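Below are the chains, spelled out letter by letter.
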Amino acid sequence: MSASYAIGIDLGTTHCALAYIDLDLSEGESLAHHTLDIPQVVSPGEVEDKSLLPSFVYLPHPDELSAGAGALPWNPTPAAIVGTLARRLGGKTPGRCVSSAKSWLSHSGVDRTGAILPVDAPDDTRRISPVEASTQYLKHLREAWEHKHPDAPLAEQRVVLTVPASFDPSAREFTLEAARAAGFGEPVLLEEPQAALYAWIANTFGSDEGWRDQLKLGDVLLVVDVGGGTVDFSVISVGEKDGGLWLERVAVGEHILLGGDNMDLALAHTVKAALEATGKTIDDWQLRGLVHGCRDAKEQLLAGESTSVPLVVPSRGSKLIGGSLRAELTLEQVTRVVLEGFFPKVPVDAAPATTPRSALTALGLPYARDAAVTRHLAAFLRRQSGALESEEGTFLWPTAVLFNGGVLKAKAISERLLDTIGAWLSADGAPPARVLGGADLDRAVARGAGYYAYARMTDGVRIRGGLAHAYYVGVESSAPAVPGLEPPIQALCVAPFGLEEGDLAELPPQELGLVVGEPVRFRFFTSSVRRDDRPGQMLSRWSEDELSELGQIEATLPTEGRAPSEVVPVRLRARVTELGVFRLEAVPRDGGHVWNVELDARQ
Amino acid sequence: MSAAHPSFFARIGLAFRVLFSGEAAARVVSRPALPAPAPERAPTPVPPPPVVERAPSDAALQLLAMFQREGRFVDFLEEDVSAYSDGDIGAAARKVHEGCRKALREHIELEPVHTQEEGESVTVEAGFDPSEIRLTGNVSGEAPFKGELAHRGWKVVRCELPKLSNDHDVHILAPAEVELA
């Protein structure tokens, strides 16, 4: 059966969304584009359609809820609760609620298939893995889809799933693993900032000013995506090919765990401190209420609606008036905490405080140590100053900016970012950047992914990309061992920058000896700046900026046809599948069978 | 007013029915004050009179539970407000307003019945729907009626409440909460 729909899914840190294009009713740039209303339990026993599915899983105690409390139209007794009710219950019982599974999925310091969430669950509580939590969200989306489209099973549609541009190969692989387990078949992955640009492009279809009128040859587009939990940057250049505009993603930023949730929490703590200074106490439940209140108040204040918004923190008991605490959030506080704390006007040579990546054993999310988005952005643009051949400045000069993510709906924040970028450009003698407007910052990623699914099958607009990193395997050098010193390590390039979908990297000449039947581990490195290294290149020294270490990788040669503990010389070859998935393979000297190398090895 | 009384033949028919049907007799007895309709022609079937039924309570309780959940509405109504200052009540009302309004707007789409501004003079044409427009004050004369719009009215153009599972007890507006240490 052929597909009837092109489907885009935004698997977000805090929310998921699904958008789809009806293929029968769409042609060329005329699209029948919709967003799925997702049935979900909103309160025990009550099911409602909502356009977003909160990315929360709640694992109830067997006695906690009555039998039909979690019933869905397609399943009377689901094992876990997903969506609005999960978030609501988690507000009062955090130890049974899994949130931010996506951030855990990209945390190479933990076992992502191990049952570790919720981290602070009571001892007798079932825990699930980050992969399983993601599977739950995706399964809910699939079942919601199939409930509303019983004739169009999801696995038979063209499905695109988005991931942060900064996701490393293992995080992408785990996302696919979750999708397979959720019954998706083999979806295609797309980077979120690219999805945001696709959404912007598709939005201009049929308007007086199409995207081809708004973009011009030589444009350098900076996509800034500030979501609930992550900050993601990408740069897309506009070139020309065969007389048409040619879009190419030339750089992506580091993985930064920082987002709107951090801002609301920071505001809530500010208000809490003010309340405590007057002798009042606030419990955890009230603090969570305060976080909610601060989110709404922040939006009002940043929209310029007033200079102060009263906040009421209700008590938990049934005495509403008697037990409530009154506070207020002022424009001055929001400006100080959010604008100056998260978006300070810094010079372009500002460096973010860095978290060393070595803290791999700590069981907690590696949140960004520096909360300033602008400092991370400055570092990104500086590091990518060589991304374009024509570039002359001290950093990569954007000519246009596309904003995405709920946080940037606040005009004061997007203007602050734009002002800061403008100041950097003018200090460097570059022309100012313009904003690409008109995007729906909440749904853009799902919509853009839907368009990409459609474009892949209809010869629509495509952004070219390929790998945004080069990859290296750590090889111990053959220097004589010195007691007490780790043997020096060299980095062997296995995958070059820009390797495209469907491409095989060249085989590096170096051979590694693998012992049959025994897992062998390698350290794995990546670089977002070394654009010219070819497979086979050996680096014996590099600066901390150039290479960063990912989790270990592991190769196991099966014993078939070989003697156990035989040493087989192999070469490592990278490729990117047609679906955009990075693979590393062990190729034995004698040709023969090729083995996959595990991109995430656990001790 | 002869027209108000049953005709001779109709009365004969009535008498027979009363004689032979206990049920019809009961009906006649139970409505002594109502003048019987006076069909001059052959009796036509009388449409069943509107029955005042018990309003179904499930959706109402569901809405009340939603207002309690989002805006602590029941807590607010059930609290004794006499002991508190206007400032305290106002602060709580803000919370109630914010939450209930959000819940209301998510589930029920409202629009004014009358599109003109309140205070403007309006004309009510003949054949208007009395359930949509209520005439008040010096109600006399014939349509078109001229007057001042005192209240625009509200009507629901869309109402979507969450679906309920079969065994959901709508009488529990908010469960008691027991926090385990």
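Just so you know, the residues in each chain are numbered from 1, in the order the chain's sequence is written. Here the convention is simple: chains get letters from A, ligands get numbers from 1, in the order in which they are written. Totals for whole chains, interfaces and linings use all residues, but because this is a predicted model, local features are given only for residues with pLDDT of at least 70 and pairs of side-chain atoms are given and counted only at 80 or more.

**Thoughts on the overall build of chain A**
Link 1 in the chain: Numbered from the N terminus, helices here are DSSP runs of H or I no shorter than four residues, and strands are runs of E no shorter than two. Secondary structure assignment for chain A yields 13 helices and 28 strands.
Link 2 in the chain: We compute the radius of gyration over the C-alpha atoms and compare it with the globule rule, which gives 2.2 Å times the number of residues raised to the power 0.38. Taken against the 2.2 N^0.38 rule, which gives 25 Å for 603 residues, the C-alpha radius of gyration of chain A at 25 Å falls within 12% of a compact globule.
Link 3 in the chain: Across its three principal axes, chain A shows a C-alpha extent of roughly 80 × 65 × 60 Å.
Link 4 in the chain: Residues with at least 20 neighbouring C-beta atoms inside 10 Å of their own are called buried, those with 12 or fewer are called exposed, and the rest are partly exposed, where every C-beta is derived from the backbone. For chain A, the proportion of its 603 residues judged to be buried stands at 48%.

**Let's talk about the overall build of chain B**
Link 1 in the chain: Within chain B, the secondary structure is distributed over five helices and five strands.
Link 2 in the chain: The helix and strand sequence of chain B, counted from the amino end, reads α-α-α-α-α-β-β-β-β-β.
Link 3 in the chain: The buried share of chain B, reckoned over its 181 residues, is 10%.
Link 4 in the chain: In this description, any two residues whose backbone-derived C-beta atoms lie within 7 Å of each other are considered to be in contact. A fraction of 72% describes how many contacts in chain B between residues 6 or more apart in sequence connect residues 24 or more apart.

**A look at the sheet that holds strand β26 (residues 567-576) of chain A**
Residues and elements named next belong to chain A.
Link 1 in the chain: Strand order in the open sheet formed by four strands is β22-β26-β27-β28, and the pairing between neighbours is antiparallel. Among the strands making up the open sheet, the edge pair consists of β22 (512-515) and β28 (595-596).
Link 2 in the chain: One requirement defines pairing of two strands: DSSP has to find at least two bridges between them. Both β22 and β26 contribute to a ladder of four bridges, which runs antiparallel. Looking at β26, one finds that Gly513 is bridged to Pro569.

**So, the interface of chain A and chain B**
Link 1 in the chain: Every contact between the two is made by 19 residues of chain A and, on the other side, 20 residues of chain B.
Link 2 in the chain: Of all the elements in the fold, those that place two or more residues in the side of chain A that touches chain B are β4 (38-43), β5 (46-50), β15 (308-313) and α9 (320-323) of chain A.
Link 3 in the chain: The greatest single-element share of the side of chain A that touches chain B, amounting to three residues, is contributed by β5(A).
Link 4 in the chain: Considering only residue class, the side of chain A that touches chain B consists of nine nonpolar, six polar and four charged.
Link 5 in the chain: Relative to strand β5 (residues 163-164) of chain B, β5(A) runs antiparallel, the two sharing two bridges. When the bridges of β5(B) are listed, Glu46(A) appears paired with Leu164(B). Note on residue classes: Ala, Val, Leu, Ile, Met, Phe, Trp, Tyr, Cys and Pro are nonpolar, Asp, Glu, Lys and Arg are charged, and everything else, Gly too, is polar.

**A closer look at unusual backbone geometry**
Link 1 in the chain: The omega torsion of the bond from Leu117(A) to Pro118(A) falls at -5°, within 30 degrees of zero and hence cis.
Link 2 in the chain: Tracing the backbone through its elements, the reader meets Pro118(A) in the loop between α2 (101-105) and α3 (130-148).
Link 3 in the chain: The residue after Ala143(B), namely Pro144(B), is reached through a cis peptide bond having omega -5°.
Link 4 in the chain: Of note, Ser100(A) is a non-glycine position whose phi angle comes to about 50°, a positive value.
Link 5 in the chain: You can see Ser100(A) is positioned in the loop between β9 (97-98) and α2.
Link 6 in the chain: Notably, Asp242(A) is not glycine yet its phi reads approximately 50°, a positive angle.
Link 7 in the chain: Here Asp242(A) falls in the exposed class, since 5 other C-beta atoms lie within 10 Å of it.

**As for the packing of helix α5 (residues 192-204) of chain A against helix α13 (residues 444-458) of chain A**
Residues and elements named next belong to chain A.
Link 1 in the chain: Only the contacting stretch of a helix is used when fitting its axis, a line to C-alpha atoms as for every element, and angles between N-to-C directions run 0 to 180 degrees. As a packed pair, α5 and α13 sit with axes 7 Å apart at the nearest point and diverge in direction by 80°. Considering their axes alone, α5 and α13 lie roughly perpendicular with respect to each other. Between α5 and α13, the residues in contact are Glu192, Ala195, Ala196, Leu197, Tyr198, Ala199 and Ala202 and Ala444, Val445, Arg447, Gly448, Ala449, Tyr451 and Tyr452, respectively.
Link 2 in the chain: A per-class count over the contact of α5 with α13 returns eleven nonpolar, one polar and two charged. Small angles under 35 degrees read as roughly parallel and large ones over 145 as roughly antiparallel, with 65 to 115 read as roughly perpendicular and the rest as oblique.

**Things to note about helix α12 (residues 411-427) of chain A**
All names here are of chain A.
Link 1 in the chain: Given a helix with a known number of residues, its expected span is that number minus one, times 1.5 Å. Here α12 contains 17 residues, and its C-alpha end-to-end distance of 24 Å stays within 8% of the 24 Å for a straight helix at 1.5 Å per residue.
Link 2 in the chain: For α12, the complete set of buried residues consists of Ile413, Ser414, Arg416, Leu417, Thr420, Ile421, Trp424 and Leu425.
Link 3 in the chain: The elements touched by buried residues of α12 are β12 (220-226), α8 (284-302), α10 (331-342), α11 (373-383) and β17 (400-404).

**Looking at helix α3 (residues 58-71) of chain B**
Link 1 in the chain: Taking 1.5 Å per residue as the helical rise, α3(B) with its 14 residues ought to reach 20 Å, and the 19 Å between its terminal C-alpha atoms agrees with that figure.
Link 2 in the chain: Listing the buried residues of α3(B) in full gives Gln62(B), Ala65(B), Met66(B), Phe67(B), Gln68(B) and Gly71(B).

**A few points about the environment of Asp169(B)**
Residues and elements named next belong to chain B.
Link 1 in the chain: Counting through the fold element by element, Asp169 comes out in the segment after β5.
Link 2 in the chain: Taking the C-beta count within 10 Å as the criterion, Asp169 has 12 such neighbours and is therefore assigned exposed.
Link 3 in the chain: Between the C-alpha atom of Asp169 and that of Gln62, which follows or precedes it by 107 residues, the distance is 9.5 Å.

**With respect to the nonpolar core**
All names here are of chain A.
Link 1 in the chain: Among the nonpolar cores identified, the biggest contains 190 residues, and Ile9, Leu18, Leu141, Ala196, Leu197, Tyr472 and Val494 are the most heavily contacted of them.
Link 2 in the chain: Here this core takes nine residues from α13, the largest share from any one element.
Link 3 in the chain: When sequence neighbours within four positions are dropped, the list of residues in contact with Ile9 reads Cys16, Leu18, Leu141, Val159, Leu161, Thr162, Ala446 and Ala449. Under the definition applied here, buried Ala, Val, Leu, Ile, Met, Phe, Trp, Tyr and Cys residues are grouped into a nonpolar core through C-beta atoms within 7 Å.

**Thoughts on the pairing of strand β23 (residues 520-527) of chain A**
Link 1 in the chain: Across four bridges, strand β20 (residues 470-476) of chain A lies against β23(A) in antiparallel orientation. Considered in β23(A), the bridge of Ala470(A) is made with Ser527(A).

**Focus: the confidence of the model for chain A**
Detailed reading of predicted coordinates is not advised where the pLDDT is low.
Link 1 in the chain: Of all residues in chain A, 96% have pLDDT values of 70 or greater, and the mean over the chain is 88.
Link 2 in the chain: Each residue carries a pLDDT score, the predictor's own confidence in it, on a scale running from 0 to 100. A low-confidence stretch, residues 356-362 of chain A stays under pLDDT 50, and its non-local contacts, those more than four residues away or across chains, total six contacts.

**Considering the sheet that holds strand β19 (residues 463-464) of chain A**
Link 1 in the chain: Taken in spatial order, the six strands of this open sheet run β18-β17-β12-β13-β14-β19 (chain A), and their pairing is mixed. Of all the strands in the sheet, just β18 (434-435) and β19 of chain A have a single pairing partner and so form its edges.

**So, the environment of His114(B)**
Residues and elements named next belong to chain B.
Link 1 in the chain: Considering the arrangement of structural elements, one finds His114 in the loop between β1 (108-112) and β2 (121-124).
Link 2 in the chain: On the basis of neighbour count, His114 is assigned to the partly exposed category, with 17 C-beta atoms found within 10 Å.
Link 3 in the chain: The spacing of His114 and Phe128 is 14 residues in sequence and 12 Å in space, taken between C-alpha atoms.

**Some thoughts on the packing of helix α7 (residues 260-277) of chain A against α8(A)**
Residues and elements named next belong to chain A.
Link 1 in the chain: Running from amino to carboxyl end, α7 crosses α8 at an angle of 110°, the nearest separation of the two axes being 8 Å. The orientation of α7 relative to α8 falls into the category roughly perpendicular. Considering how the two elements wind past one another, α7 and α8 form a crossing that is right-handed. For the pair α7 and α8, the contacting residues are Asp264, Leu265, Leu267, Ala268, Val271 and Lys272 in the first and Leu287, Leu290, Val291, Cys294, Arg295 and Lys298 in the second. Each crossing gets its hand from how the near helix is turned against the far one by less than a right angle, where anticlockwise is left-handed and clockwise is right-handed.

**Side note on the confidence of the model for chain B**
Residue and element names in this part refer to chain B.
Link 1 in the chain: On average, residues of chain B carry a pLDDT of 79, and 72% of them reach 70 or more.
Link 2 in the chain: Predicted confidence in chain B is weakest over helix α2 (residues 22-30), with a mean pLDDT of 42, and strongest over β1, with 95.
Link 3 in the chain: Residue range residues 8-35 is modelled with pLDDT below 50. Its contacts to residues more than four positions away, or to other chains, number ten contacts.
Link 4 in the chain: Interface confidence for the predicted complex, expressed as ipTM, amounts to 0.72; the pTM equals 0.84.

**Some words on the environment of Thr270(A)**
Residues and elements named next belong to chain A.
Link 1 in the chain: Examined against the element boundaries, Thr270 turns out to sit in helix α7.
Link 2 in the chain: With 21 C-beta atoms packed within 10 Å, Thr270 lands in the buried category.
Link 3 in the chain: Taking the C-alpha atoms as reference, Thr270 lies 9.0 Å from Leu329; in sequence the two are 59 residues apart.
Link 4 in the chain: When near neighbours in sequence (up to four residues on either side) are disregarded, Thr270 contacts Gln333 and Val337.

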